[in-house]
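So the chains spell out like this:
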There are 2 protein chains.
Amino acid sequence: MTRILRIAGAQMGPNTLQDTREQVLARMIRLLDDAAEQGAQLVVFPELAFTTFFPRWYQERESDLLRYFEPSMPNPNVQPLFDRAREHNVGFYVGYGELTPEGHRYNSAVLVSPTGELLSKYRKIHLPGTSEPKPGLRYQQLEKRYFRYGDLGFPVVRTRPQWSNAAIGMLICNDRRWPEGWRVLGLQNVELVCIGYNSAAYDPGGGDGESAELRTFHSTLVVQANAYMNATWAVSVAKAGNEDGAGLIGGSVIVDPNGQIRAQASTLGDELLVVDADLDLCLHGRQRMFDFAAHRRPQWYGPLVEQVGAIEPPSV
Amino acid sequence: MTRILRIAGAQMGPNTLQDTREQVLARMIRLLDDAAEQGAQLVVFPELAFTTFFPRWYQERESDLLRYFEPSMPNPNVQPLFDRAREHNVGFYVGYGELTPEGHRYNSAVLVSPTGELLSKYRKIHLPGTSEPKPGLRYQQLEKRYFRYGDLGFPVVRTRPQWSNAAIGMLICNDRRWPEGWRVLGLQNVELVCIGYNSAAYDPGGGDGESAELRTFHSTLVVQANAYMNATWAVSVAKAGNEDGAGLIGGSVIVDPNGQIRAQASTLGDELLVVDADLDLCLHGRQRMFDFAAHRRPQWYGPLVEQVGAIEPPSV
């Protein structure tokens, strides 16, 4: 018996500052309808899917940030997406700006079952960028200013037969470049990693050292390799295109446990990828090359948790 | 000022059981001569470069293993390689079977300076395969039987101006698939990771789930991604081809800190790759995306060292 989960990556084109929430939701619902029509059981939307990627702008007043955040999930501003998904009996992953009752902000994602239950929540741990605006940059990367670091670890949940009992984990954007997060998921038998991202098409630190092509290559490479090294499927989904002058890469992919690309976006707009993921394909890697119990040697991994930054090696 | 190190990957074709040590050394010296003629300063040879990949065979008597091991490094059986390298003022990495004075066996590699000093030694930590022969397999993978697990950690050394002050680390074969080892190197500011390998062209666990093409893809993918995620150059070098009926993949590569391939072997035989590695290319990643001190969150990496195997996630 094979365990097939039909998964969809719902890449989104840009959300500009002028777009209303209704316009954005209408596009997301259209992607959801398309996915349901194609029989998808799980749809992965991008990071901060409901708004533009606002950390690129410095906002002096905290109150100016509130428009980008959801005070609860769901809430009336996103309810139509939740309702339509339940009608279709389709679940989803979606990224959003989370505002807690205590007024704390996180870059978060939720996993919602086909019957509308919140199965799991993740708050982004690897926040890139800076806390203070960098002088001279046309676009900032202020995630460290606008969000608290995630405090929920790297969760995986074992789902029910309606999702083929898939073990599903979540990452957000920059997390996909950090093998530590992937490994925490792998150490929980993850079979499908859902990732949404907003990645600049230019070097966010300034300079012209990284083209959109190179940055798309990086994005794809890390998903392929970390999926392989953890014997898991991965769906990595962009918000892409030109948001008020600032470019975002596309390159959404669905990758199998061999690290091979099964589907890849070809546009910078709204675009759906659908793949039948055989979850039992994870077993080959997990029982052989990446049989962690047989082959990992944690007694030599101490520096990974004992130090944060690099330490200069001895001279010889 | 850029810091250029001209590095060479010296892929080797098969060493069969019939090959004498003199024949193998002659091929290695020919590769070394070619590298020196092209101005290379550091030559990377494969894992267990002096012999066939003997862990594929079950040897009942320990004494039958001795022919594959070096009782010291250097020793008269390898001295001609060391002598020629010093004549050329070229340093090298070479993998070999290490037999200690206490009679312990390791799968080891040494880094030798252009003036013939042993700068660093590494003993393979991620030993693949099994301790006991698996019934019914034409070729075994008995590294866990024939070698002790490495006990020297993952060393990096900061070299002198004759090697552009490169910070050089070592891995061996299967280690390249384990991001934990790469990260320990990255946390020591590594700028060049040297890797030798012998990787079967068939699925060593039996079955036909993995073709030579897929296994070469895996080999290349993990080097590209781990080089990128640690902002380092990498030279990954095969012993390739048909050793007494058992196939080994080729696919040796030199990869830059963006994860891009700068040179790649096209044969399964003796073949030299030469690249001018600008070590300062590591700075871009190290100071931005992979500024570990700014972005790592070790408080969430605990499972990497607190558990060996995977633990089932909660059901929802």
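Keep in mind it's a predicted model, so treat the numbers as computed, not measured. (Residues numbered from 1 in each chain as written. Chains lettered and ligands numbered in written order. Predicted model: local features only at pLDDT ≥ 70, side-chain atom pairs only at ≥ 80, totals over all residues. Heavy atoms only, no water.)

Draft legend 1. Region of the structure containing the overall build of chain A. Across its full length, chain A carries eight helices and 15 strands. Here the C-alpha atoms of chain A give a radius of gyration of 19 Å, agreeing with the 20 Å that 2.2 N^0.38 yields for 316 residues. Expressed as a percentage of the 316 residues in chain A, the buried residues total 63%. Considering only residue pairs separated by 6 or more positions, chain A has 69% of its internal contacts joining residues 24 or more positions apart. Charge centroids of chain A, computed over 31 positive and 36 negative side chains, lie 3 Å from each other. (Helix = DSSP H or I, 4+ residues; strand = E, 2+ residues; numbered from the N terminus. Rg over C-alpha atoms; globule rule 2.2 N^0.38 Å. Buried < 20%, exposed > 50% of the residue type's maximum accessible area, 1.4 Å probe, protein only. Contact = heavy atoms within 4.5 Å. Lys, Arg positive; Asp, Glu negative; His and termini not counted. Charge placed at Lys NZ, Arg CZ, Asp CG, Glu CD.)

Draft legend 2. Representation of the interface of chain B and chain A within the structure. Taken together, the contact between chain B and chain A spans 76 residues of the former and 76 residues of the latter. In total, chain B and chain A occlude about 6,900 Å² of area from one another, counting both sides; carbon and sulfur atoms represent 63% of this. At the surface where chain B touches chain A, the tally comes to eight salt bridges. Taking the shortest distance from any N to any O, the salt bridge between E180 of chain A and R296 of chain B comes out at 3.0 Å. For the interface between chain B and chain A, the tally reads 44 residue pairs in polar contact (both at pLDDT 80 or more). Elements with a contribution of two residues or more to the side of chain B that touches chain A: β7 (156-158), α4 (179-186), α5 (212-229), α7 (292-295) and α8 (302-306) of chain B. No other element matches the 11 residues that α5 of chain B contributes to the side of chain B that touches chain A. Looking at the side of chain B that touches chain A, its residues break down into 38 nonpolar, 24 polar and 14 charged. (Buried area = accessible area lost by both parts, 1.4 Å probe. Salt bridge = Lys/Arg side-chain N within 4 Å of Asp/Glu carboxyl O. Polar contact = N/O pair within 3.5 Å; in protein donor to acceptor, adjacent residues only side chain to side chain. Nonpolar A, V, L, I, M, F, W, Y, C, P; charged D, E, K, R; others polar.)

Draft legend 3. Seen up close, the relation of the copies chain B and chain A. When chain B is fitted to chain A, the best match, at an RMSD of 0.0 Å, comes from turning it 180° and sliding it 0.0 Å along the axis. Look at the turn and shift together and you get a two-fold axis relating the two. Interface overlap between copies: 100% of the residues of chain B at the interface are likewise at the interface in chain A, consistent with a symmetric, same-surface contact. (Least-squares fit on C-alpha atoms with pLDDT ≥ 70 in both.)

Draft legend 4. Representation of the pairing of strand β5 (residues 105-112) of chain B. Residue and element names in this part refer to chain B. Counting buried residues in β5 gives eight out of eight residues, a clear majority hidden from the surface. Here β5 shows a buried face lined by R105, N107, A109 and L111 and a second buried face lined by Y106, S108, V110 and V112. When strand β4 (residues 91-99) meets β5, the two strands line up antiparallel, connected through eight bridges. Residue pairing in the sheet places V94 in a bridge with V110 of β5. Once β4 ends, the chain turns through five residues before running back antiparallel as β5, passing G103 with a positive phi of about 85°. Counted along the chain from β5 to the antiparallel partner strand β6 (residues 118-123), the turn is five residues long, and its residue G116 has a positive phi close to 90°. (Pairing = 2+ DSSP bridges.)

Draft legend 5. Just the sheet that holds strand β10 (residues 233-238) of chain A, in detail. Residues and elements named next belong to chain A. Strand order in the open sheet made by the six strands is β7-β8-β9-β10-β13-β14, with mixed pairing throughout. The open sheet has two edge strands with one neighbour each: β7 (156-158) and β14 (261-264). Geometrically, the sheet is characterised by an average inter-axis angle of 15° between neighbouring strands, direction not taken into account. Relative to strand β8 (residues 167-172), helix α4 (residues 179-186) is tilted by about 165°, and along the sheet it contacts β7, β8, β9 (192-197) and β10. Across the sheet, helix α5 (residues 212-229) lies against β9, β10, β13 (253-255) and β14, angled at about 20° from β13, the strand it touches most. (Axes fitted to C-alpha atoms, helices over the stretch in contact; angles between N-to-C directions.)

Draft legend 6. Expanded view of the environment of Q41 of chain A. With respect to the element layout, Q41 of chain A can be found in the loop between α1 (21-37) and β2 (42-44). Along the chain, Q41 of chain A and H88 of chain A lie 47 residues apart, while their C-alpha atoms are 9.0 Å from each other.

Draft legend 7. Expanded view of the packing of aromatic side chains. Taken as a whole, this structure holds 24 aromatic pairs over all chains when the rule is applied. With centroids separated by 5.8 Å and ring planes inclined at 55°, the aromatic side chains of F69 of chain B and F147 of chain B adopt a geometry described as tilted. Pair noted here: F69 of chain B is in strand β3 (residues 69-70) and F147 of chain B is in the loop between α3 (143-146) and β7, with a separation of 78 residues, a long-range link. The same class applies to F69 of chain B as to F147 of chain B, namely buried. Aromatic ring contacts, followed pair by pair, group F54, Y68, F69, Y146 and F147 of chain A into a single cluster. One Lys or Arg, R176 of chain A, reaches over the ring of Y197 of chain A and ends 4.0 Å from the middle of that ring. Positioned over the ring face of Y149 of chain B is R297 of chain A, at 3.5 Å from the centre of the ring. (Phe/Tyr/Trp six-rings, centres within 6.5 Å; stacked < 30°, edge-to-face > 60°. Lys NZ or Arg CZ within 6 Å of the ring centre and 35° of its normal.)

Draft legend 8. Looking closely at the pattern of salt bridges. One pass over the full model with this rule turns up 52 salt bridges over all chains. The salt bridge involving D64 of chain A is made with R61 of chain A; its shortest N-O contact spans 3.3 Å. Residues joined by salt bridges that share partners form a network here, namely R3, R158, E191 and D280 of chain A together with E312 of chain B.

Draft legend 9. Structural detail: the side chain of S252 of chain A. All names here are of chain A. Assignment of secondary structure puts S252 in the loop between β12 (246-248) and β13. There is a polar contact of 2.8 Å between the side chain of S252 and the backbone nitrogen of A238. Residue contacts for S252: discarding those within four places in its chain leaves Q11, Y197, S236, V237, A238, A263, Q264, A265 and L273.

Draft legend 10. Just the pairing of strand β10 (residues 233-238) of chain B, in detail. Residue and element names in this part refer to chain B. Burial runs high along β10: six of the six residues are buried. The two faces of β10 match: W233, V235 and V237 on one face and A234, S236 and A238 on the other face are all buried. Sheet topology places strand β9 (residues 192-197) next to β10; six bridges connect them, and they run parallel. Each residue of the ladder has a partner; that of V193, found in β10, is A234. Since β9 and β10 lie parallel, the crossover through α5 that links them has a hand, and here it is right-handed. Pairing between β10 and strand β13 (residues 253-255): three bridges, direction antiparallel. (Right-handed = clockwise from strand over helix to strand, strands pointing away.)

Draft legend 11. Seen up close, the side chain of E180 of chain A. Inspection of the secondary structure puts E180 of chain A in helix α4. For E180 of chain A, a relative accessible area of 2% puts it in the buried group. Apart from residues lying up to four places away in sequence, E180 of chain A is in contact with R183, R296, Y301 and L304 of chain B.

Draft legend 12. Structural context of helix α2 (residues 79-88) of chain A. Residue and element names in this part refer to chain A. Every buried residue of α2 is listed here: L81, F82 and A85. In a view along the axis of α2, the buried residues occupy a sector of 95°, so they form one face of it. Contact partners of the buried residues in α2: α1, β4 (91-99), β5 (105-112) and β6 (118-123). Immediately beyond the C-terminal end of α2, within one or two residues, lies N89, with a positive phi of roughly 60°. (Arc of directions from axis to C-beta.)

Draft legend 13. Expanded view of the environment of V190 of chain B. Residue and element names in this part refer to chain B. You can see V190 is positioned in the loop between α4 and β9. Overall, the relative accessible area of 0% leaves V190 in the buried class. C-alpha separation for the pair V190 and L279, spaced 89 residues apart in sequence, amounts to 9.9 Å. Apart from residues no more than four positions distant in its own chain, V190 is found in contact with V156, A167, I168, G169, L185, N230, A231, T232 and R286.

The analysis is restricted to geometry; functional conclusions fall outside its scope.
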